[in-house]
Amino acid sequence: MVLHHQAFFLMRYAGGQGCSWIQDNSIHMHQNPNSSRNCRRGSVDSAFPSGTAEVASVENLFEYICSGPLLGKIGLTAETIAESIDKWILYGSLLCRLFQLSDMYLTDPQRKRFYHYYIPVFIWCENQISKHASQFKDGEDIPPLVIGFSAPQGCGKTTLVSALAHLFDVTGRKSATISIDDFYLTAEDQGKLREANPGNSLLELRGNAGSHDLPFSVETLTSLCKMTKEGMKMKLPRYDKSAYNGKGDRGNPSAWPVVEGPLTVILFEGWMLGFKPLPVEAVRAVDPQLEIVNKNLEAYYDAWDKFVDAWAVIKIQDPRKPGMTDEEVEDFVSRYLPAYKAYLPVLYAEGPMGSTPENLLVIEIDEGRNPILEN
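Every value quoted in this text rests on a predicted model; they were computed, and no experiment measured them. (Residues numbered from 1 in each chain as written. Predicted model: local features only at pLDDT ≥ 70, side-chain atom pairs only at ≥ 80, totals over all residues. Heavy atoms only, no water.)

Digging into the overall build of the chain
A count of helices and strands for the chain gives 13 helices and eleven strands. Within the chain, contacts between residues separated by at least 24 positions form 75% of all contacts whose residues are at least 6 apart in sequence. Accessible area for the chain stands at about 17,800 Å²; split by element, carbon and sulfur atoms hold 51% of it. (Helix = DSSP H or I, 4+ residues; strand = E, 2+ residues; numbered from the N terminus. Contact = heavy atoms within 4.5 Å. Areas by Shrake-Rupley, 256 points an atom, 1.4 Å probe, with all protein chains shown as cover.)

Overview of the packing of helix H4 (residues 85–98) against helix H5 (residues 108–133)
Between H4 and H5, the least distance of the axes is 11 Å, while the angle of their chain directions is 115 degrees. Judged by the inter-axis angle, H4 sits roughly perpendicular to H5. Viewed along their axes, H4 and H5 form a crossing whose handedness is right-handed. Residues Lys-87, Trp-88, Tyr-91, Gly-92, Leu-95 and Cys-96 of H4 lie in contact with H5, whose contacting residues are Phe-114, Tyr-115, Tyr-118, Ile-119, Pro-120, Phe-122, Ile-123 and Glu-126. Its residues placed into classes, the contact of H4 with H5 shows eleven nonpolar, one polar and two charged. (Axes fitted to C-alpha atoms, helices over the stretch in contact; angles between N-to-C directions. Parallel < 35°, antiparallel > 145°, perpendicular 65-115°, else oblique. Left-handed = near helix turned anticlockwise from the far one by under 90°. Nonpolar A, V, L, I, M, F, W, Y, C, P; charged D, E, K, R; others polar.)

Re the pairing of strand E4 (residues 175–179)
Where burial is concerned, most of E4 is hidden: five out of the five residues are buried. Of the two faces of E4, the one holding Ser-175, Thr-177 and Ser-179 and the one holding Ala-176 and Ile-178 are both buried throughout. In the sheet, E4 pairs with strand E9 (residues 265–270) via five bridges, with the strands oriented parallel. Opposite Ser-175, over in E9, you have Val-265 as the bridge partner. (Buried < 20%, exposed > 50% of the residue type's maximum accessible area, 1.4 Å probe, protein only. Pairing = 2+ DSSP bridges.)

A short note on the environment of Ile-266
Relative to the assigned elements, Ile-266 resides in strand E9. Look at Ile-266 and you get buried, because its relative accessible area is 0%. Taking the C-alpha atoms as reference, Ile-266 lies 9.1 Å from Leu-221; in sequence the two are 45 residues apart. Not counting chain neighbours up to four residues away, the residues in contact with Ile-266 comprise Pro-144, Leu-145, Val-146, Ile-147, Ala-176, Ile-178, Leu-224 and Cys-225.

Thoughts on unusual backbone geometry
Going from Gly-261 to Pro-262, the amide bond is cis rather than trans, its omega being 0 degrees. Although it is not a glycine, Tyr-244 adopts a positive phi angle of roughly 50 degrees. Here Tyr-244 shows up in the loop between strand E6 (239–240) and strand E7 (249–250).

Looking at the sheet that holds strand E11 (residues 360–364)
Read from one edge of the open sheet, five strands run E4-E9-E3-E10-E11, paired in parallel fashion. A strand with exactly one partner marks an edge of an open sheet, and here the two such strands are E4 and E11. The sheet shows a mean angle of 15 degrees between the axes of neighbouring strands, direction not considered. Packed on one face of the sheet, helix H8 (residues 214–225) meets strand E3 (145–150), E4 and E9 and runs near 155 degrees to E9.

Some words on the pattern of salt bridges
Under the criterion given, the structure shown has 14 salt bridges. Residue Lys-241 pairs with Asp-181 through a salt bridge whose shortest N-O separation is 2.9 Å. In this pair, Lys-241 is assigned in the loop between E6 and E7 and Asp-181 in the loop between E4 and helix H7 (187–196), connecting sequence segments 60 residues apart. Accessibility expressed as a relative area gives 41% for Lys-241, which makes it partly exposed. (Salt bridge = Lys/Arg side-chain N within 4 Å of Asp/Glu carboxyl O.)

Brief notes about H7
Among all positions of H7, only Gln-190, Gly-191 and Leu-193 are buried. For H7, the arc enclosing every buried residue in end-on projection is 160 degrees, short of the 170-degree limit, so these residues lie on one face. Opposite the buried face of H7, at more than 90 degrees from it, the exposed residues are Glu-188, Glu-195 and Ala-196. (Arc of directions from axis to C-beta.)

Considerations on the confidence of the model for the chain
This prediction gives the chain a mean pLDDT of 85; 82% of its residues lie at or above 70. Contacts for the low-pLDDT stretch residues 5–51, under 50 throughout, to residues beyond four places or in other chains number 100 contacts. (pLDDT = per-residue confidence, 0-100.)

Examining the packing of aromatic side chains
Under the criterion given, the structure shown has 16 aromatic pairs. Ring geometry for Phe-183 against Phe-216: centres 6.0 Å apart, planes inclined by 85 degrees, an arrangement best described as edge-to-face. Here the residue Phe-183 occupies a position in the loop between E4 and H7, and Phe-216 occupies one in helix H8, the gap between them amounting to 33 residues. Accessibility classification places Phe-183 together with Phe-216 in one group, the buried group. In this structure, Arg-250 is placed above the aromatic ring of Phe-216, and the distance from its NZ or CZ to the ring centre is 4.2 Å. (Phe/Tyr/Trp six-rings, centres within 6.5 Å; stacked < 30°, edge-to-face > 60°. Lys NZ or Arg CZ within 6 Å of the ring centre and 35° of its normal.)

Digging into helix H6 (residues 157–170)
If you check H6, its first and last C-alpha atoms are 20 Å apart, about what 14 residues at 1.5 Å a residue would give, namely 20 Å. Across the 14 residues that make up H6, a large majority, eleven, are buried. Regarding H6, the residues found buried are Lys-157, Leu-160, Val-161, Ala-163, Leu-164, Ala-165, His-166, Leu-167, Phe-168, Asp-169 and Val-170. One or two residues past the end of H6 sits Gly-172, with phi positive at roughly 85 degrees. (Expected span 1.5 Å × (residues − 1).)

Printed below as a string of structure tokens:
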């Protein structure tokens, strides 16, 4: 099939017709003072490749994109990629600008990260948004689509979400990013939780179910989902992990970023997003301290998961991160590993509660944080 589309490319570009080749001066950006990421957006001027080198580079890129492991999962074929190659080039160029890289000199890991991971996931997000919007009649307010990203710590989910938010913003679609970390209890309330559970290392510090302000989560997510009109503004909560010598506290609202409506999409990410409570015997077998955490988890569907319209679950073989110090390993094992052992197998096997094959994307990644074909 790829060979068939090689001919398509040679005909398309040799004739001087086809994709917009992104050059240094082809995207005119301007600052958006209201963006929490200080992102840019702009219009694209078309400039077509005319020489053999340009044609070859587009053809090579096409073949590389077609070799990606996620295409079948998101319903893309060589034909649909050929028809939208200009969009892939645009998105690749925008990501290069974001990460301050040259699109002509990407290393193999960088090229893999962009064209086999970030851009396919972004296109999947676009498709989910289109399906969501099609459910509403002309003239109706369309609430933003909430996409949940569930992935263990250290596997690159925050960078992925930041890249997706940037692509949405610079292509003229407003987004908001929120993390489950932003809903942690205040330092005072975390202290009360610790006192109420003496000797339970899983609830001594922030992290596990029970250490989040669920009413605040509901209030925030409900308000974000109502951001459907021009002129609407809202502050996004942020958590300060450095406060109180690393124990953390809710950030000062005066420093919270502001988002403006109408929002197209809400990108909601977290390490335990989508975890489901299990039978008591199952969690006791992993760690008796998990029993209260498991009980706390019963309230999380209504506070978090029910707001999510589409899910991206990033799957890894081993949640323990390479390169940890001995102190970090000890903290990780004592605070997070029991929950991973208990809840990840069910998440990977069944997906989050409320997910369906149509709105769930499972991405298995390797130690280099790049997607691989699942066995």
